[in-house]
Amino acid sequence: MLQLILGGARSGKSRLAEKLATDSALEVIYIATSQPLDGEMNQRIAHHRQRRPSHWGLIEEPLELARVLQQAAGTGRCLLVDCLTLWLTNLLMLEDEQRLVFEREALLQCVATLPGEIIFVSNETGMGVVPLGELTRRYVDEAGWLHQALAERCQRVVLTVAGLSLTLKGTAL
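A short tour of the structure in this document, coming up. Keep in mind that this is a model prediction, so the values were computed, not measured.

1. Comments concerning the packing of helix 4 (residues 84-93) against helix 6 (residues 134-153)
Next, step 1: Look at helix 4 against helix 6: their axes get within 10 Å of each other, and the N-to-C directions meet at 130°. Here helix 6 runs oblique to helix 4, going by the angle between their axes. When you trace helix 4 past helix 6, the crossing you get is right-handed. Here helix 4 contributes L84, T85, W87, L88, T89, L92 and M93 to the contact with helix 6, which in turn contributes L135, R138, Y139, E142, A143, L146, H147 and L150.
Next, step 2: Its residues assigned to classes, the contact of helix 4 with helix 6 comprises 10 nonpolar, three polar and two charged.

See the structure below:
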């Protein structure tokens, strides 16, 4: 099963994804896309590490998400990817549009063929004001297009707000 958990900052999306992974009773591998580039991000990463069960596997991959998913997916395994918008940011910061296109297409092509359960976490950024800068507008656009394409492929899509979940597609939680 493919699931997409969307929400704003501190909406409860990661906590929900972690609960779903735990409830799956499968072996869980957490795929982290963040990079500890500053003190604040280091604190966020530490917070996520403290919340996760120690027996979960961990793969840190900021760019080649499709490759990692293909290598790690398996029957009897749940992969939790947190988060797609950080992954997208990493690709946008490369300033290599072809790399972004390649990695996004590789992800969208492989997800339907992956065995096991996959849970994607991502920030819903398209519900606010339109950003002023070119890069931030591109980020919001790219995230929106990625979410639409991935939601089409997922069996369940959930929006989290204030720690509450609203199932947009598939069976309710």
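2. Overview of the side chain of E18
Next, step 1: Tracing the sequence through the fold places E18 in helix 1 (residues 13-23).
Next, step 2: Judged by relative accessible area, which is 8%, E18 ranks as buried.

3. Things to note about the pattern of salt bridges
Next, step 1: The final tally for this structure, using the stated rule, is 12 salt bridges.
Next, step 2: E61 is the partner of R67 in a salt bridge, and the nearest nitrogen-oxygen pair spans 3.2 Å.

4. What about unusual backbone geometry?
Next, step 1: In this structure, the amide linkage connecting D82 to the following residue, C83, adopts the cis form with an omega of 5°.
Next, step 2: Take C83: it is sitting in the loop between strand 4 (77-82) and helix 4.
Next, step 3: Despite not being glycine, E95 shows a phi value in the positive range, around 55°.
Next, step 4: As for its placement among the helices and strands, E95 is situated in the loop between helix 4 and helix 5 (97-110).
Next, step 5: The phi torsion at A162 lies on the positive side, around 55°, for a residue other than glycine.
Next, step 6: Its location among the elements puts A162 in the loop between strand 6 (156-161) and strand 7 (164-169).

5. Some remarks on the packing of aromatic side chains
Next, step 1: Applying the stated criterion to the full structure yields zero aromatic pairs.
Next, step 2: Positioned above the aromatic ring of Y30 is the side chain of R52, whose terminal nitrogen or guanidinium carbon lies 3.8 Å from the ring centre.

6. So, the environment of M41
Next, step 1: Turning to its location among the elements, M41 is positioned in helix 2 (residues 39-51).
Next, step 2: Note on M41: relative accessible area 16%, which makes it buried.
Next, step 3: Setting aside its immediate chain neighbours within four residues, M41 contacts S34, Q35, P36 and L86.

7. Some thoughts on the pairing of strand 4
Next, step 1: Extensive coverage of strand 4 is indicated by the burial of five of its six residues.
Next, step 2: The pairing of strand 2 (residues 27-32) with strand 4 spans six bridges and is classified as parallel. Bridge pairing in strand 4 places E27 opposite R77.

8. Looking at the pairing of strand 1 (residues 2-7)
Next, step 1: In terms of burial, strand 1 is a largely internal element, six of the six residues being buried.
Next, step 2: Burial of the side chains of strand 1 extends over both faces: L2, L4 and L6 are buried on one face and Q3, I5 and G7 on the other.
Next, step 3: Here strand 1 pairs with strand 5 (residues 117-123) via six bridges, running parallel. From the neighbouring strand, L6 faces strand 5, where its bridge partner is S122.
Next, step 4: The pairing of strand 1 with strand 6 spans five bridges and is parallel. Across the sheet, L6 pairs through a bridge with L159, a residue of strand 6.

Rules behind the numbers
- Residues numbered from 1 in each chain as written.
- Predicted model: local features only at pLDDT ≥ 70, side-chain atom pairs only at ≥ 80, totals over all residues.
- Heavy atoms only, no water.
- Axes fitted to C-alpha atoms, helices over the stretch in contact; angles between N-to-C directions.
- Helix = DSSP H or I, 4+ residues; strand = E, 2+ residues; numbered from the N terminus.
- Parallel < 35°, antiparallel > 145°, perpendicular 65-115°, else oblique.
- Left-handed = near helix turned anticlockwise from the far one by under 90°.
- Contact = heavy atoms within 4.5 Å.
- Nonpolar A, V, L, I, M, F, W, Y, C, P; charged D, E, K, R; others polar.
- Buried < 20%, exposed > 50% of the residue type's maximum accessible area, 1.4 Å probe, protein only.
- Salt bridge = Lys/Arg side-chain N within 4 Å of Asp/Glu carboxyl O.
- Phe/Tyr/Trp six-rings, centres within 6.5 Å; stacked < 30°, edge-to-face > 60°.
- Lys NZ or Arg CZ within 6 Å of the ring centre and 35° of its normal.
- Pairing = 2+ DSSP bridges.

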